[in-house]
Amino acid sequence: MYQLAFKNLLRRKSRTLLALLGIAIGIAMIVSLVSISEGVKARTSEFTRTLGINIEIVQRDASQSSSEIDMDIIGKVEAIPGITAAAPEVYANVDIKGVQIERVRMGMGPPRASNRITLVGIDPVREQMIEGFPTKIIEGRLFEKGKTGISVIGKALADATNKKVGDDITITADEKEYTFTIIGIYETGSPLQDNFIVIPLKEAQKIKGFKSDSISVILAKPASPELVDTLARKIKVLVSGVEPRYTRQMTEQISTFTGQMELMTWVIAGIAAIIGGIGVANTMLMSVIERTREIGVLKAVGWYSSDVLKLILLESLIISAFGATAGLGIGALFTFYLLPAVFPSFMRPLITLDLLLEAVAFALVLGLTGGLYPAMRAARMSPIQAFSEE
Amino acid sequence: MMIEAKDLTKIYYLDAVQVQALDKINLKIEKGEFISVMGPSGSGKSTLLHLLGGIDRPTFGKIFINSADVTKLSDTELSDLRRDTVGFIFQIFNLIPTLTALENVMVPLFPRGADLKWVEERAKALLSMVGLKERMNHKPTQLSGGERQRVAIARSLVNQPQIILADEPTGELDSKTGREIILLMKKLNEEENVTVVIVTHDPRVSELTERIIYLQDGRIVREERSYD
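This write-up is about the structure you can find in this document. Everything numeric here is computed off the predicted structure, so don't read it as measured data.

**Let's talk about a negative patch on the surface**
So, step 1. Together, A:Glu68, A:Asp70, A:Asp72 and A:Asp213 line one region of the surface with negative charge.
So, step 2. Mapped onto the elements, A:Asp213 comes out in the loop between α6 (201-208) and β12 (214-215).

And the structure:
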């Protein structure tokens, strides 16, 4: 029966190829779009994981770099039972001389390479109490309180600038140059944070143009992760003008966003694949109508209706199986070679085995459903057709 | 008794017009007979062949094959009958164009493919018997009309049927080739004791058969036997 199915498909090669291409394009779209969205998802969950459980307190409706709050809030926050420590941070956007840093973006869109990086000012003692990200030193050491002219930088920044411990790094802010000696390199695994330069708080305040009692954010460490919700509510009530943010809240927002994005990519790709399935249905229907007499002959020589049904379904399954294989190839080629070639710093796409299996299963289901009506129509054909003149 | 038809009647509707294709046909065919059915176009001879072979169902009346009532069989049982007991030969050969001669002979048993090797051996033997040993791997388009009908005969024999039903088997052939085909069927009839019923309007065909049944307007009007 397989040889008959194959030979039937080869009878009109271009028509079969077009139906196959329809499935292939649908599957390729599923593979590439979903793998891109999976990549974004993996990257964002990696990002939120590195944030830890600390509550970030910023000026209401401001971002890290636009926020400005009073230093004495630290005392108010630390007074809340359940908060074990709090640390100030100053965020500033500065330019780095001589190199272009690829900027990590959370979504899709054109990549940007620029010389703009994030500068973070910290109090090393307090930062260690909250186990902040600059404390994950892999080379050298973290600076001590009161020192100036020194910095620790993220590993990605170190790699991009080709700097190591002991080298100087120069940044510019408001057309003024500042030079710091690198005494340590940290690594968090988050491409965002690993591009930061971290310096003592006081110097960051100067660069930012803040007075000594102003900072950008406060990070507050809860005694345990379960307390985060309650503590965030308390902070909101007790401290006016600020907004507590924390990882779970961000994770929820991000996962809602990535979930919607994933659903949308499946819908778009699914529509493409269903159109492919309609192509299979059309091809098989034409083929069945053309072969009316032949199908009559098969029934006249003793084939059951179910045998005819199987033959036609087999043919549409062959189309969709080959279509799916081609689609996986095209999709993988697109996501791993074409996309990075055109957009070098695009989100790393992620093809999982689950995705491949889902795509193939989807193609086979499409083939079966697309072939069902033509197959049933063929199975119902009468053997008398074999005798009738054209 | 191999085949028996009792009051066989077939009525169908063509654009709401009632057509009585067969009108109370009573017919008995013994095992090993070599029969032709003659009559003008529209006399019901093809309809009779369809009913005898279980391809169509009668409106009234009964058909018995080996004493079993064919009209009571399910669709699946009719398929079994067509595959195991009856072999069909068509006027226009009805070969599958994508398959070789050998595969065409094997086609009835494709879905039951339990032992394809056995089927293949039998198909090869049958093609040799009909004189196509050298042309087994040719496709129908590479064969002449007579060769195609020989493939069709081999196909009808693949499952060792007891009855061969042929609908105008020489209609598309020149008279010399047509005669060869009928003589081949005659040889099968004599050597394998297969019952053969040939529908034709060609007297050169019917004169080679033992019994001729004449149909007109769905009724048997005359029977002739040759005693040579």
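**Let's talk about the nonpolar core**
So, step 1. Of all hydrophobic cores here, the largest spans 106 residues; its most connected members are A:Trp303, B:Leu48, B:Leu127, B:Ile153 and B:Met185.
So, step 2. Broken down by element, this core gets its largest block of residues, eight residues, from helix α10 (residues 305-342) of chain A.
So, step 3. Setting aside anything within four residues of it in sequence, one finds A:Trp303 in contact with A:Met1, A:Leu4, A:Leu298, A:Val308, A:Leu311, B:Ser79, B:Arg82, B:Val107, B:Pro108, B:Phe110 and B:Pro111.
So, step 4. Within the second largest apolar cluster, 40 residues are counted, among which are A:Ile73, A:Ile83, A:Val94 and A:Ile218.

**Notes on the sheet that holds strand β3 (residues 34-38) of chain B**
Residue and element names in this part refer to chain B.
So, step 1. Taken in spatial order, the six strands line up as β6-β7-β8-β3-β9-β10 in an open sheet, and their pairing is mixed. Strands at the two margins of the open sheet, each flanked by one partner only, are β6 (86-89) and β10 (219-225). Along the sheet, successive strands turn relative to each other by an average axial angle of 20°, direction set aside.
So, step 2. Alignment of β3 against strand β8 (residues 195-199), held across four bridges, turns out to be parallel. Among the inter-strand pairings, Ile35 is bridged to a residue of β8, identified as Val197.
So, step 3. Sheet contacts for helix α1 (residues 45-52): β3, β6, β7 (163-167), β8 and β9 (211-216); angle to β7, the most-contacted strand, approximately 150°.
So, step 4. Along the sheet face, helix α5 (residues 145-157) touches β6 and β7 and points at about 165° away from the line of β6.

**Topic: the interface of chain A and chain B**
So, step 1. Chain A puts 23 residues into the contact, and the matching count from chain B is 25 residues.
So, step 2. Summed over both partners, the interface of chain A with chain B comes to about 2,400 Å²; 63% of that surface belongs to carbon and sulfur atoms.
So, step 3. On the surface where chain A and chain B come into contact, there are six residue pairs in polar contact (both at pLDDT 80 or more).
So, step 4. Secondary structure elements with two or more residues in the side of chain A that touches chain B: α1 (2-11) and α9 (292-300) of chain A.
So, step 5. A per-element tally of the side of chain A that touches chain B places α9(A) first, with six residues.

**Some points on a nonpolar patch on the surface**
So, step 1. Nonpolar side chains collect at one region of the surface, where A:Leu263, A:Val267, A:Ile271 and A:Ile275 lie side by side and expose about 390 Å² of accessible area between them.
So, step 2. Here A:Leu263 lies in helix α8 (residues 247-290).

**A look at the pattern of salt bridges**
So, step 1. According to the stated counting rule, one finds 31 salt bridges over all chains in the structure shown.
So, step 2. In this structure, A:Asp123 and A:Lys145 form a salt bridge, with 2.8 Å as the shortest nitrogen-oxygen distance. Of this pair, A:Asp123 sits in the loop between β6 (116-122) and α4 (124-129) while A:Lys145 sits in the loop between β7 (137-140) and β8 (150-154), placing them 22 residues apart in sequence.
So, step 3. The exposure class assigned to A:Asp123 is buried, which follows from its relative accessible area of 8%.
So, step 4. A:Lys145 gets classed as exposed once you look at its relative accessible area, which sits at 55%.
So, step 5. B:Asp75 is paired through a salt bridge with B:Arg57; the nearest N and O atoms lie 3.0 Å apart. Of this pair, B:Asp75 sits in helix α2 (residues 75-84) while B:Arg57 is found in the loop between α1 and β4 (60-65), placing the two residues 18 residues apart along the sequence.
So, step 6. For B:Asp75, a relative accessible area of 55% puts it in the exposed group.
So, step 7. Through salt bridges that share partners, B:Glu33, B:Arg211, B:Glu223 and B:Arg225 make up one connected network.

**Let's talk about unusual backbone geometry**
All names here are of chain B.
So, step 1. Its identity is not glycine, yet Asn66 carries a phi of approximately 50°, on the positive side.
So, step 2. Residue placement: Asn66 occurs in the loop between β4 and β5 (68-69).
So, step 3. Notably, Phe93 is not glycine yet its phi reads approximately 65°, a positive angle.
So, step 4. With respect to the helices, strands and loops of the structure, Phe93 is situated in the loop between β6 and α3 (101-106).

**Some details on the pairing of strand β10 (residues 176-186) of chain A**
Residue and element names in this part refer to chain A.
So, step 1. Bridge analysis of β7 against β10 gives three bridges, and the strand direction is antiparallel. Bridge pairing in β10 places Ile137 opposite Tyr186.
So, step 2. Bridge count between β8 and β10: five bridges; the pairing is parallel. Note that in β10 the partner of Ile153 across the bridge is Ile185.
So, step 3. Pairing between strand β9 (residues 168-173) and β10: six bridges, direction antiparallel. Bridging from a neighbouring strand, Thr170 pairs with Thr179 of β10.

**Points about the packing of α5(B) against helix α6 (residues 175-192) of chain B**
Residue and element names in this part refer to chain B.
So, step 1. At a minimum axis distance of 10 Å, the contact between α5 and α6 shows a crossing angle of 20°. Between α5 and α6, the angle falls in the class roughly parallel. α6 is crossed by α5, and the crossing has right-handed handedness. Mapping the contact onto sequence places Gly146, Gln149, Arg150, Ile153 and Leu157 in α5 and Thr177, Glu180, Ile181, Leu184, Met185 and Leu188 in α6.
So, step 2. Looking at the contact of α5 with α6, its residues break down into six nonpolar, three polar and two charged.

**Overview of the packing of aromatic side chains**
So, step 1. Taken as a whole and judged by the stated rule, the model has three aromatic pairs over all chains.
So, step 2. With a centroid separation of 6.3 Å and an interplanar angle of 85°, the aromatic rings of A:Phe6 and A:Phe322 are classed as edge-to-face. In this pair, A:Phe6 is assigned in helix α1 and A:Phe322 in helix α10, connecting sequence segments 316 residues apart.
So, step 3. We classify A:Phe322 as partly exposed; its relative accessible area is 45%.
So, step 4. The interplanar angle of 25° and the centroid separation of 6.2 Å between the aromatic rings of B:Phe88 and B:Phe90 together place this pair among those described as stacked. Here B:Phe88 matches B:Phe90 in class, with each residue buried.
So, step 5. One Lys or Arg, B:Arg222, reaches over the ring of B:Tyr214 and ends 3.9 Å from the middle of that ring.

How each quantity is defined
- Residues numbered from 1 in each chain as written.
- Chains lettered and ligands numbered in written order.
- Predicted model: local features only at pLDDT ≥ 70, side-chain atom pairs only at ≥ 80, totals over all residues.
- Heavy atoms only, no water.
- Patch = residues over 30% accessible without salt bridge, like charges linked within 9 Å, V, L, I, M, F, W, Y side chains within 5 Å.
- Areas by Shrake-Rupley, 256 points an atom, 1.4 Å probe, with all protein chains shown as cover.
- Salt bridge = Lys/Arg side-chain N within 4 Å of Asp/Glu carboxyl O.
- Lys, Arg positive; Asp, Glu negative; His and termini not counted.
- Charge placed at Lys NZ, Arg CZ, Asp CG, Glu CD.
- Helix = DSSP H or I, 4+ residues; strand = E, 2+ residues; numbered from the N terminus.
- Core = buried A, V, L, I, M, F, W, Y, C linked by side-chain atoms within 4.5 Å.
- Buried < 20%, exposed > 50% of the residue type's maximum accessible area, 1.4 Å probe, protein only.
- Contact = heavy atoms within 4.5 Å.
- Pairing = 2+ DSSP bridges.
- Axes fitted to C-alpha atoms, helices over the stretch in contact; angles between N-to-C directions.
- Buried area = accessible area lost by both parts, 1.4 Å probe.
- Polar contact = N/O pair within 3.5 Å; in protein donor to acceptor, adjacent residues only side chain to side chain.
- Parallel < 35°, antiparallel > 145°, perpendicular 65-115°, else oblique.
- Left-handed = near helix turned anticlockwise from the far one by under 90°.
- Nonpolar A, V, L, I, M, F, W, Y, C, P; charged D, E, K, R; others polar.
- Phe/Tyr/Trp six-rings, centres within 6.5 Å; stacked < 30°, edge-to-face > 60°.
- Lys NZ or Arg CZ within 6 Å of the ring centre and 35° of its normal.

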